[in-house]
Amino acid sequence: PRLRTSSRIMRSRLLRRHFISQFVENDLSPDMDRHQLLALAAAGLVTLPLFATVFMSVKYLMQPLQSPGWTQVTAMGDQLTFCATSLLVSAIIATLEWDALALSPRDAMILGVLPVPHREIVDAKIRALVTFAGAFVISLNALPTLLHPPLMVANFQGNPLLLIPLILAHGVSTCMAGAFGFTTVVGLREFLFLCLGEY
């Protein structure tokens with residue numbers, strides 16, 4: 001039983017790695033090397049959020065007499081912008097990965113002949129989808145979560161531990177928005193498949 005369990009775990013890891021690689025190697029980048037694409041994606045996920053966060057935080061740093069009321073109202077608008085951006089970018093990425101969101105007929109033909117239970121293949125696909133979506137959403141929102149709350153209250157004198165709730169609230173709200181955008185596209189794809197069949 002122990003040997004069977006370890007082989008099942010190894011099969012699941014290999015399947016998950018195969019499905020995650022499908023998210024990188026899509027039809028939109030047939031001539032680009034996987035490492036080049038990952039490098040460009042990583043640079044974009046670091047540079048663009050960093051630039052946007054610093055640009056949005058300038059108004060707090062340039063406010064000499066910053067009041068709590070003004071900060072709260074202004075921060076609410078910024079938070080809506082961050083959440084909307086996370087939602088839209090995640091939904092666009094899920095749309096670009098439309099064909100890789102579920103088991104394709106090609107995967108079913110190739111993997112279906114292997115002595116692997118169908119349930120195990122579906123489970124590996126779901127885990128790969130959750131891993132890809134989670135890694136993307138966290139990478140997109142990591143820098144704004146760590147930088148925007150401290151810069152927002154930089155002119156206030158107070159206990160640094162009070163930053164923890166601000167950082168947690170920013171991170172949870174933006175990551176949940178990104179997860180909602182991604183899962184909405186996945187749900188739409190499955191709904192269309194249920195109604196229209198393979199298209």
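Predicted model, so just to flag it, every value in this text is computed and none were measured. Positions within a chain are numbered from 1, following the residues in the order the chain's sequence is written. In view of the model being predicted, local features appear only for residues whose pLDDT reaches at least 70, and side-chain atom pairs are presented and counted only at 80 or more, with totals across whole chains, interfaces and linings using the full set of residues. The side-chain figures draw on all heavy atoms in the structure; neither hydrogens nor water molecules are used.

A. Here's a closer look at the packing of aromatic side chains. Stacked, edge-to-face and tilted labels apply to pairs of Phe, Tyr and Trp rings (six-membered ring for Trp) whose centres lie within 6.5 Å, assigned for plane angles under 30 degrees, over 60, and everything in between, in that order. The tally for this structure, following the rule as stated, stands at 3 aromatic pairs. With a centroid separation of 6.2 Å and an interplanar angle of 15 degrees, the aromatic rings of Phe 51 and Phe 55 are classed as stacked. Taken together, the positions of Phe 51 and Phe 55, both in helix 2 (residues 34-61) and 4 residues apart, correspond to about one turn of that helix. To sort residues, take the accessible area from a 1.4 Å probe on protein chains only and compare it with the maximum for the residue type: under 20% means buried, over 50% means exposed, and anything in between is partly exposed. Look at Phe 51 and you get exposed, because its relative accessible area is 60%. Counting from the N terminus, the helices are the DSSP runs of H or I reaching at least four residues and the strands are the DSSP runs of E reaching at least two.

B. Examining the pattern of salt bridges more closely. We count a salt bridge whenever a side-chain nitrogen from Lys or Arg sits within 4 Å of a carboxyl oxygen from Asp or Glu. Scanning the entire structure with this criterion turns up 3 salt bridges. Of the charged contacts in the structure, one is a salt bridge between Arg 127 and Asp 123, with a shortest N-O distance of 2.9 Å. Taken together, the residues Arg 127 and Asp 123, both in helix 5 (residues 118-152) and 4 residues apart, mark about one turn of the helix. Judged by its relative accessible area of 44%, Arg 127 falls in the partly exposed class. The partner of Glu 190 in a salt bridge is Arg 189, with the nearest N and O atoms 3.9 Å apart. By relative accessible area, Glu 190 is classed as partly exposed at 35%.

C. Fine view of the environment of Met 152. Within the element layout of this structure, Met 152 appears in helix 5. A relative accessible area of 9% means that Met 152 is categorised as buried. We call two residues in contact when some of their heavy atoms are within 4.5 Å. Contact partners of Met 152, with chain neighbours within four places excluded, come to Tyr 60, Gln 66, Thr 71, Ala 75 and Leu 166.

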